Amino acid sequence: MFKNSRRKIVAAILSVLVLVLLGTFCVIYIASYGELTRENRQLLELYVENYALGEEAGRGEPNPERPGGRDRRPPMLELSTFYSVALAADGSVLKVDTADISVLDEDTLTQLAREILDDGKSSGVRNSLIYQTADKGDYTLVAFLDNTVVLENAGTLLRYTLLFGGVTLVVLFFLARYLANRIVAPMEESYQRQKQFISDAGHELKTPVAVVNANVELLQRELGENPWLANIQYENERMSALILQLLDLARTENVAPPMEDLDWSRLVGGETLPMETVAYEKGLSLESSIAEEIWVHGNGTQLRQLTSILLDNAIRHSRGGSPVCLVLERERGSAVLSVSNEGEEIPPEQRKALFERFYRTDVSRTGGQHYGLGLAIAKAIVTAHRGTIEVQCCRGKVIFVARLPLRK
């Protein structure tokens, strides 16, 4: 139970931290990449604006006739790599500038410029190049800015982000485990104390209950039948039954039982036979369907007790005359024991609480020597066998389903 609580706390803490880290890294990455790309686009726009087809065409020299001239160029303009293709109105190539770099030759740039003009887009990105087209009157200019450095920087940022993010998550995982242990420790200690109290109280109460029972029997021999003594004896028997159930629950939860390979089919069949008589006395029939040779690794005494608890619970709460059905079968690598009876549907909010100690729904408060510990013991047995137990309500039937792993 507490292991699941620790896992859930660790998962919750890590989920929040992962979302925060992921959101932070995404914002940093997208903002950085967007800012660098925006600056490159501004440089490309300035290059296109200052471009003049002439002796220095394609080298990013500002137009001397334009006010401001060289003073308008930022330093990055000198450090950036530009390519350009000037095309006449008839499609002929007037000038190609490769920036004296052999990565892109004139033919490649020309073909790329024609494709861009055919697409009709004035700006965009092709491969690692940012491009922009401009109508210069007598010719059309297609200018490119090499964006390789930005992409490489973005890739480097992403790699380091993933690397340090992974390291950070590992550190946070151990931190989350530490916090989960600190959070769960007081609850686990309280729970252990509660279980120890129940066990100690049960052992301490056995002696006075036995003494009271012995004294009542002696008084009955001397005084004969007496309604007051009969009432004391009845209540003393109820107390004795409660103590035995408390001790069973404490023993099941605190002591690891000896385990062995068992034929659960044989155990269930042997426990079903005496319960048929109990059902018959209450005007019910007990129907069973038990698959053969279902082997599990478990404790025979506890598995018999599990079957008895589920059958007793179904018989006590079944409507008069309706059959109680028991089915034992294999299902996806598990041995599944289901016991069903016709009865009032249990509200969903009460189904999980059925397996808590001393919990009884209003419908099931029938008195007698039943204190709401049977299903708690059943759950403890199933948990000790690494299985699960649940209650289902379907078409007027209440079904308790216990799943145990099959023997490997």
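The structure we're discussing is the one just above.
Notes on the structure follow.

Cut-offs and rules
Residues numbered from 1 in each chain as written. Predicted model: local features only at pLDDT ≥ 70, side-chain atom pairs only at ≥ 80, totals over all residues. Heavy atoms only, no water. Helix = DSSP H or I, 4+ residues; strand = E, 2+ residues; numbered from the N terminus. Buried < 20%, exposed > 50% of the residue type's maximum accessible area, 1.4 Å probe, protein only. Expected span 1.5 Å × (residues − 1). Polar contact = N/O pair within 3.5 Å; in protein donor to acceptor, adjacent residues only side chain to side chain. Pairing = 2+ DSSP bridges. Axes fitted to C-alpha atoms, helices over the stretch in contact; angles between N-to-C directions. Contact = heavy atoms within 4.5 Å. Phe/Tyr/Trp six-rings, centres within 6.5 Å; stacked < 30°, edge-to-face > 60°. Salt bridge = Lys/Arg side-chain N within 4 Å of Asp/Glu carboxyl O. Left-handed = near helix turned anticlockwise from the far one by under 90°. Nonpolar A, V, L, I, M, F, W, Y, C, P; charged D, E, K, R; others polar.

Residue placement: L162 occurs in helix α4 (residues 148–223). The exposed category is assigned to L162, whose relative accessible area is 59%. Through-space distance from the C-alpha of L162 to that of F25 is 9.0 Å; in sequence the pair is 137 residues apart.

What follows covers helix α6 (residues 264–281). Taking 1.5 Å as the rise per residue, α6 with 18 residues should run 26 Å; its terminal C-alpha atoms sit 27 Å apart, in good agreement. Among all positions in α6, only W264, S265, L267, V268, E271, T272, M275 and A279 are buried. The distance from a side-chain oxygen at the start of α6 to the backbone nitrogen of S265 is 3.2 Å, and the residue carrying that oxygen is D263. Directly beyond the C-terminal end of α6, a positive phi value near 75° is found at G283.

It is worth spelling out the sheet that holds strand β3 (residues 123–126) at this point. Overall, antiparallel pairing links the 5 strands, which are arranged β2-β1-β5-β4-β3 in an open sheet. The open sheet is flanked by β2 (93–97) and β3, the only strands paired with a single partner. Sheet twist, expressed as the mean angle between neighbouring strand axes with direction ignored, is 20°. The pairing of strand β4 (residues 129–135) with strand β5 (residues 139–146) spans 7 bridges and is antiparallel. Paired with I130 across the bridge in β5 is L145. Docked against the sheet, helix α1 (residues 2–50) engages β1 (82–88), β2, β3, β4 and β5, running at close to 35° with respect to β4. Each of β1, β2, β3, β4 and β5 is contacted by helix α3 (residues 106–119), which is oriented at about 115° to β5, the strand it contacts most.

A word on the packing of aromatic side chains. Enumeration according to the criterion identifies 5 aromatic pairs in this entry. The interplanar angle of 5° and the centroid separation of 4.4 Å between the aromatic rings of Y47 and F82 together place this pair among those described as stacked. Placement of the pair is Y47 in helix α1 and F82 in strand β1, with a sequence separation of 35 residues. What makes Y47 buried here is its relative accessible area of 1%. Between the aromatic rings of F355 and F400, the centroid separation amounts to 6.1 Å while the plane-to-plane angle is 85°, which identifies the pairing as edge-to-face.

If you walk through the whole model with that rule in mind, you get 6 salt bridges. With a shortest N-O distance of 2.2 Å, R126 and D119 are connected by a salt bridge. We classify D119 as partly exposed; its relative accessible area is 44%. Among the ionic contacts, a cluster of salt bridges with common partners joins E115, D119 and R126.

The next subject is the packing of α6 against helix α7 (residues 300–317). Two numbers describe how α6 lies on α7: the axes approach to 9 Å, and their chain directions differ by 35°. Once α6 is placed against α7, the crossing between them reads as right-handed. Packed against α6, whose contacting residues are W264, L267, V268, E271, T272, M275, V278 and A279, the element α7 presents G300, L303, R304, L306, T307, S308, L311, D312 and I315 at the interface. For the contact of α6 with α7, the class distribution of residues is 10 nonpolar, 4 polar and 3 charged.

Pairing within the open sheet is mixed, and its 5 strands lie in the order β7-β9-β10-β12-β11. A single partner strand is all that each edge strand has here, and the edge strands are β7 (286–290) and β11 (388–394). With strand direction ignored, the average angle separating the axes of adjacent strands in the sheet is 15°. Relative to strand β12 (residues 397–405), strand β10 (residues 334–342) runs antiparallel, the two sharing 9 bridges. Pairing of V336 across the sheet is with R403, part of β12. The strands touched by α6 are β7, β9 (324–331), β10 and β12; relative to β7, the strand with the most contacts, the crossing angle is about 175°. Sheet strands touched by α7: β7, β9, β10, β11 and β12. Its angle to β10, the strand with the most contacts, is close to 20°.

Look at E293: it is not a glycine, yet its phi comes out positive at around 55°. Relative to the assigned elements, E293 resides in the loop between β7 and β8 (295–298). Unlike most non-glycine residues, R332 shows phi in positive territory, near 50°. Among the structural elements, R332 can be located in the loop between β9 and β10. Residue classification places R332 among the exposed positions, given a relative accessible area of 84%.

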